[in-house]
Amino acid sequence: MKICATIPEARAACRDARANRKRLGLVPTMGALHEGHLSLVRAAKAQCDAVAVSIFVNPTQFGPTEDLSKYPRQFDHDCRLLEKEGVEILFAPPVEEIYPGGEVTWVLVEGLSEKLDGRSRPGHFRGVTTIVSKLFHILEPEAAFFGQKDAAQLAVIRRMVQDLNFPVEIVACPIVREPDGLAMSSRNAYLNREERGRALVLQRSLQHAQQEFQTGERIAVKLIYAAKEVFAREPKVALDYFEIVDPDTLDSVERISQKTLVAVAAYVGSTRLIDNIVLNP
Ligand code: PAF
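Residues numbered from 1 in each chain as written. Predicted model: local features only at pLDDT ≥ 70, side-chain atom pairs only at ≥ 80, totals over all residues. Heavy atoms only, no water.

Colleague: Now, about the overall build of the protein: what can you tell me, with residues and values included?
Modeller: Along the protein, the regular secondary structure elements total 10 helices and 9 strands. Radius of gyration (C-alpha) of the protein: 19 Å, near the 19 Å computed for a compact globule of 281 residues. With the principal axes as the frame, the protein shows a C-alpha extent of 55 × 40 × 40 Å. Expressed as a percentage of the 281 residues in the protein, the buried residues total 53%. Across the protein, the fraction of contacts at a sequence separation of at least 24, relative to all contacts at a separation of at least 6, is 72%. Accessible surface, the protein as shown: approximately 13300 Å² in total, 50% of it carbon and sulfur. (Helix = DSSP H or I, 4+ residues; strand = E, 2+ residues; numbered from the N terminus. Rg over C-alpha atoms; globule rule 2.2 N^0.38 Å. Buried < 20%, exposed > 50% of the residue type's maximum accessible area, 1.4 Å probe, protein only. Contact = heavy atoms within 4.5 Å. Areas by Shrake-Rupley, 256 points an atom, 1.4 Å probe, with all protein chains shown as cover.)

Below you can see the structure in the form of structure tokens.
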């Protein structure tokens, strides 16, 4: 695996990998890799001729009171995992390489960036779309792989790719869960034993909504009400949002008549976790 810390090195390595019409897949990450990330790498390996992974804890997508400084960093371990998966290129730049200072240009997907996580985390999606655009420009992948767990992020990135004509196919990969159902996340590492148990309420609330849906309920507010009752039984977890929305526009849906995203975010202690399911009538 070629490890690149600078933009010219990474650009050259990706251009080499793409020579002779080879399809390059990119898996953008912030490191602290787990099975969820590795499932993206495996999907990229299956669908592309060469795979590049980026590891960059992107400061512009963290709010001033968020967890940028304590975000888990385990570079050597991540490298070993990626080597094992047969990744060809790892782009792991220092912050100054990406943001040398004085930047005044941002990529913003208006509207969508203020919904779901964007409402609770102002500026978050502007940081995401800016770094993802930079990665697309630097590495020029034909396909990029993102987890369905970050469903709002996926919607925002898809819209950015459409509006700015990036020649990149966006591939969404299914949520990977722990054996007890908790969606895998690098932030799960913050949870102590009690919090780890309480965190299961996110999935329980989604399952409850899904059961109601399967028994015929189609009115979104009724499903939301049922899910909030599940949260009420776990008072130490603070619900941020439980929403039922169109997966592309992230607009609320009143009645479920087509593919619909059910998304939840909650604070377990100081750790903000998200999860979702897709309902298909
Ligand atoms: O999903 C993530 O890990 C990040 O938001 C991403 C896409 C790597 C951008 O920093």
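Colleague: Tell me what's going on with the environment of V221, and back it up with residues and numbers.
Modeller: Here V221 shows up in helix α10 (residues 220-232). For V221, a relative accessible area of 59% translates into the label exposed. In the structure, V221 is positioned 31 residues away from S252 in sequence and 10.0 Å away in space, judged by C-alpha atoms.

Colleague: Which residues make up the sheet that holds strand β5 (residues 143-147), and what values go with them?
Modeller: In space, the 6 strands of this open sheet follow the order β1-β4-β3-β2-β5-β6, with parallel pairing throughout. The sheet is open, and its two edges are formed by β1 (2-4) and β6 (169-173), each paired on a single side. Each neighbouring strand pair of the sheet contributes to a mean axis angle of 25°, computed without reference to strand direction. The pairing of β1 with strand β4 (residues 89-91) spans 3 bridges and is classified as parallel. Within β4, the position partnered with K2 by the bridge is I89. Against the sheet, helix α3 (residues 75-84) engages β1, β3 (50-55) and β4, with an angle of about 170° to β3. Its contacts with the sheet place helix α6 (residues 124-139) against β2 (24-29), β3, β4, β5 and β6, and it is angled at close to 150° to β2. (Pairing = 2+ DSSP bridges. Axes fitted to C-alpha atoms, helices over the stretch in contact; angles between N-to-C directions.)

Colleague: Quick rundown of the site of the ligand? Include the residues and the values.
Modeller: Neighbouring the ligand are P28, T29, M30, N58, Q61, V128, I131, F146, D150 and Q153. In this structure, an oxygen atom belonging to the ligand sits 2.6 Å away from a side-chain N or O atom of Q61. Within the side chain of Q153, a nitrogen or oxygen atom sits 2.7 Å from an oxygen atom of the ligand. Protein contact buries 88% of the 290 Å² of open area that the ligand shows by itself. Counting only elements with at least two residues in the shell around the ligand, the list comes to β2 and α6. (Near = heavy atom within 4 Å. Polar contact = N/O pair within 3.5 Å; in protein donor to acceptor, adjacent residues only side chain to side chain.)

Colleague: Now, about α3: what can you tell me, with residues and values included?
Modeller: Regarding α3, the residues found buried are D78, C79, L81 and L82. One face of α3 carries all of its buried residues, which in axial projection span an arc of 165°. Exposed residues lying more than 90 degrees from the buried face of α3 are D76, R80 and K84. If you follow the buried residues of α3, they end up packed against β1, α2 (35-47), β3 and β4. (Arc of directions from axis to C-beta.)

Colleague: Just give me the short version of the pairing of β2, but keep the residues and values in it.
Modeller: For β2, the buried fraction is high: 6 of the 6 residues fall into the buried class. Side-chain alternation along β2 places L24, L26 and P28 on one buried face and G25, V27 and T29 on a second face that is also buried. The pairing of β2 with β3 spans 6 bridges and is classified as parallel. Within β3, the position partnered with P28 by the bridge is S54. The parallel pair β2 and β3 is bridged by α2, and the resulting crossover is right-handed. Both β2 and β5 contribute to a ladder of 2 bridges, which runs parallel. Residue pairing in the sheet places G25 in a bridge with A143 of β5. (Right-handed = clockwise from strand over helix to strand, strands pointing away.)

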